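Here are the chains, one letter per residue:
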Number of protein chains: 2
Amino acid sequence: MEEKFIPDIVIGRLPIYLRALQGMLSENRRVTSSQELGERLGISAAQIRKDLSQFGEFGKQGTGYSIEFLADQIGKILKVDRVWDMAVVGAGDIGSAIARYQGFANRGLQVAMVFDNDPEKIGSQIGSFVIEDIKDLKQKIQESGILIAMIATPSLAAQEVAEELVTAGIKAILNYAPINLSVNEHVHVQYIDPVIHLQRMTYYL
Amino acid sequence: MEEKFIPDIVIGRLPIYLRALQGMLSENRRVTSSQELGERLGISAAQIRKDLSQFGEFGKQGTGYSIEFLADQIGKILKVDRVWDMAVVGAGDIGSAIARYQGFANRGLQVAMVFDNDPEKIGSQIGSFVIEDIKDLKQKIQESGILIAMIATPSLAAQEVAEELVTAGIKAILNYAPINLSVNEHVHVQYIDPVIHLQRMTYYL
DNA sequence: TAGATTGTTAATCGATTAACAATC
DNA sequence: TAGATTGTTAATCGATTAACAATC
């Protein structure tokens, strides 16, 4: 199996391309070009072609790309041509919003479990999920084989939760708590903190 | 006024540095070094020093940086040494979670208004906010002079809302709807879509 | 003083863009 | 055929790192 090295910055753009392609599909479009896609995304056409060329040849000279075919191919590359179960830790406002979020559908992801440590919340429902006791986190995650988790706890708990998740076999963490996590380097971590995005813009105001 | 050009990628790291410094402050730490900061963040010490050197000299040879002083300086650079009012558009799960989010405190930002178009929601409360009619969005935003907005509407409405916000004078948009917005280039846009982050990790699983 | 760490320069590394032959 | 657009190469551009004099 030839494991060609692909820069992470390229991997990071593929989900953006995929989202735009699925948007075009929902507009019943059939074909697009690197130029059109680039204009929609504010990315140069050359860069899109270069990125895609890392994985194969998906277009036709003169006509461009079949939107459906390219979306399928990118989905396969990103391994979202299946559905990944995810665990949510923390059933506060953010955790609840994630658990109910409709936007995972058709994008290869779904919430499967929600955990909290509050006795008042454990056993109650969020959408179709019964909130489980965080004490059972390790066992439930190991049993299910879930590899992806989202942390939506207070900052103070996040590092400890992350360590528990890693022990349970989690390989990818999306952290909503506004702190940097320190985990084994073979575990992938991404961060969502609205303040980081907002402060990046206040500089320019 | 000397307007030196600073790469956007550097601006993008400043909020990360600031968050880490504030974390250290809350641990009652007084002094840090580029090396320690780098280790916490997974960024090289050289890069941190290079980034900071774009704005001035904040450290002392031999001893490092006063955490409080450096945090203050970065706060000034990012213009979060004041409090910016923000508008939230869309009072569903995500909009509600944003409106109630405690994490804006002491980071230069606060929610000031929440809008929705659902007659059932208009007039009711989220936290301390009364949900306002989206029909009044333009007028209320213009009156208040708010420059920052967050979009938490369904995808189909997001582009239209963005245009209305720009007309009302908004200069920075944080978009939670999973679509790319097309707006005047002098308006700053940032995106939060958990699926983008998650798909970036599924590639490696 | 000796040790530590900054700010900065120069070298290296990597990413983006321009350009074009190939070809649908 | 003429026009359009790909995939790819080489050139350009920009970001990161290594190294070290300055100095606390």
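See above for the structure.
Calculation criteria
Residues numbered from 1 in each chain as written. Chains lettered and ligands numbered in written order. Predicted model: local features only at pLDDT ≥ 70, side-chain atom pairs only at ≥ 80, totals over all residues. Heavy atoms only, no water. 1 Å grid on protein atoms, 1.4 Å probe; cavity = no way out; pocket = protein on both sides within 12 Å on 5 of 7 lines; lining within 4 Å. Points joined across faces, edges and corners; volume = space filled by probe spheres on them. Nonpolar A, V, L, I, M, F, W, Y, C, P; charged D, E, K, R; others polar. Phe/Tyr/Trp six-rings, centres within 6.5 Å; stacked < 30°, edge-to-face > 60°. Helix = DSSP H or I, 4+ residues; strand = E, 2+ residues; numbered from the N terminus. Buried < 20%, exposed > 50% of the residue type's maximum accessible area, 1.4 Å probe, protein only. Pairing = 2+ DSSP bridges. Near = heavy atom within 4 Å. Polar contact = N/O pair within 3.5 Å; in protein donor to acceptor, adjacent residues only side chain to side chain. Right-handed = clockwise from strand over helix to strand, strands pointing away. Contact = heavy atoms within 4.5 Å. Axes fitted to C-alpha atoms, helices over the stretch in contact; angles between N-to-C directions. Salt bridge = Lys/Arg side-chain N within 4 Å of Asp/Glu carboxyl O.

(A) Examining empty space enclosed by the protein more closely. Under the counting rule described, the total for this entry stands at 1 cavity of 30 Å³ or more. In this structure, the largest cavity occupies an estimated 250 Å³ of space. Together, 14 residues line the largest cavity, and A:Ile94, A:Ile98, A:Tyr176, B:Ile94 and B:Tyr176 are the ones closest to its centre. Its residues assigned to classes, the lining of the largest cavity comprises 14 nonpolar, no polar and no charged.

(B) A look at the packing of aromatic side chains. All names here are of chain B. Evaluated as defined, the whole model comprises 5 aromatic pairs over all chains. Ring geometry for Phe58 and Phe69: centres 6.5 Å apart, planes at 55 degrees, overall tilted. Here the residue Phe58 occupies a position in the loop between helix H3 (45-53) and strand E2 (59-60), and Phe69 occupies one in helix H4 (residues 67-77), the gap between them amounting to 11 residues. Residue class for Phe58 comes out buried when judged on its relative accessible area of 13%. The class for Phe69 is partly exposed, based on a relative accessible area of 38%. Here Tyr203 and Tyr204 contribute two aromatic rings whose centre-to-centre distance is 4.9 Å and whose plane-to-plane angle is 90 degrees, an arrangement assigned as edge-to-face.

(C) Spotlight on the sheet that holds strand E5 (residues 125-126) of chain A. Ordered in space as E5-E6-E4-E3-E7-E8-E9 (chain A), the 7 strands form an open sheet in which the pairing is mixed. Of all strands in the sheet, those bounded by a partner on one side alone are E5 and strand E9 (188-191) of chain A.

(D) Representation of the layout of surface pockets in the model. Residue and element names in this part refer to chain A. For the second largest pocket, the calculated volume is near 610 Å³. Sort the elements by how many residues they give to the lining of the second largest pocket and helix H7 (residues 155-167) lands first, with 5 residues. Here the lining of the second largest pocket is composed, by residue class, of 14 nonpolar, 7 polar and 7 charged.

(E) Examining the protein's contact with DNA strand D more closely. Around DNA strand D sit 25 residues in total, of which A:Ser34, A:Arg49, A:Gly59, A:Tyr65 and B:Gln47 are the nearest. Here the atoms of DNA strand D within 4 Å of the protein split so that 65% fall in sugar or phosphate, with bases taking the remainder. Within the side chain of A:Ser34, an N or O atom sits 2.7 Å from a phosphate oxygen of DNA strand D. Contact between DNA strand D and A:Tyr65: a phosphate oxygen at 2.7 Å from a side-chain N or O atom of the residue. Looking at the surface near DNA strand D, the elements that each hand over two or more residues are helix H3 (45-53) of chain A together with helix H1 (8-26) and H3 of chain B. Looking at which element gives the most residues to the surface near DNA strand D, the answer is H3(B), with 4 residues. The residue makeup of the surface near DNA strand D, split by class, is 5 nonpolar, 12 polar and 8 charged.

(F) Structural detail: the pairing of strand E7 (residues 148-151) of chain A. Residues and elements named next belong to chain A. Neither face of E7 is left uncovered, since the one carrying Ile148 and Met150 and the one carrying Ala149 and Ile151 both have all their residues buried. Pairing analysis gives 4 bridges linking E7 to strand E8 (residues 172-175), with the strands arranged parallel. When the sheet's bridge partners are listed, Ile148 is paired in E8 with Ala172. Each parallel crossover has a hand, and for E7 linked through H7 to E8 it is right-handed.

(G) Just the environment of A:Ile179, in detail. With respect to the helices and strands, A:Ile179 occurs in the loop between E8 and E9. Judged by relative accessible area, A:Ile179 falls into the partly exposed class, the value being 23%. Here the alpha-carbon distance between A:Ile179 and A:Leu52, two residues 127 residues apart in the chain, equals 34 Å. Not counting residues up to four positions away in its chain, the partners in contact with A:Ile179 are A:Ser155, A:Ala158, A:Gln159, A:Tyr191 and B:Arg19.

(H) Summary view of the sheet that holds strand E8 (residues 132-133) of chain B. Residue and element names in this part refer to chain B. Strands sit in the order E8-E5-E4-E9-E10-E11 across an open sheet of 6 strands; the sheet is parallel. Only two strands of the sheet have a single neighbouring strand rather than two, namely E8 and strand E11 (188-191). Sitting on the sheet, helix H6 (residues 137-144) is in contact with strand E4 (84-89), strand E5 (109-116) and E8, with an inclination near 160 degrees to E5.

(I) Looking closely at the interface of chain B and chain A. Facing 56 residues of chain B, the contacting portion of chain A comprises 56 residues. Between the two partners, chain B and chain A, sit 8 salt bridges. Across the pair A:Arg100 and B:Asp93 runs a salt bridge, and its minimum N-O distance is 3.2 Å. For the pair chain B and chain A, the interface holds 22 residue pairs in polar contact (both at pLDDT 80 or more). If you list the elements that add at least two residues to the side of chain B that touches chain A, you get H1, helix H2 (34-41), E4, helix H5 (93-100), strand E9 (148-151), strand E10 (172-175), E11 and helix H8 (194-202) of chain B. The element contributing the most residues to the side of chain B that touches chain A is H8(B), with 9 residues.

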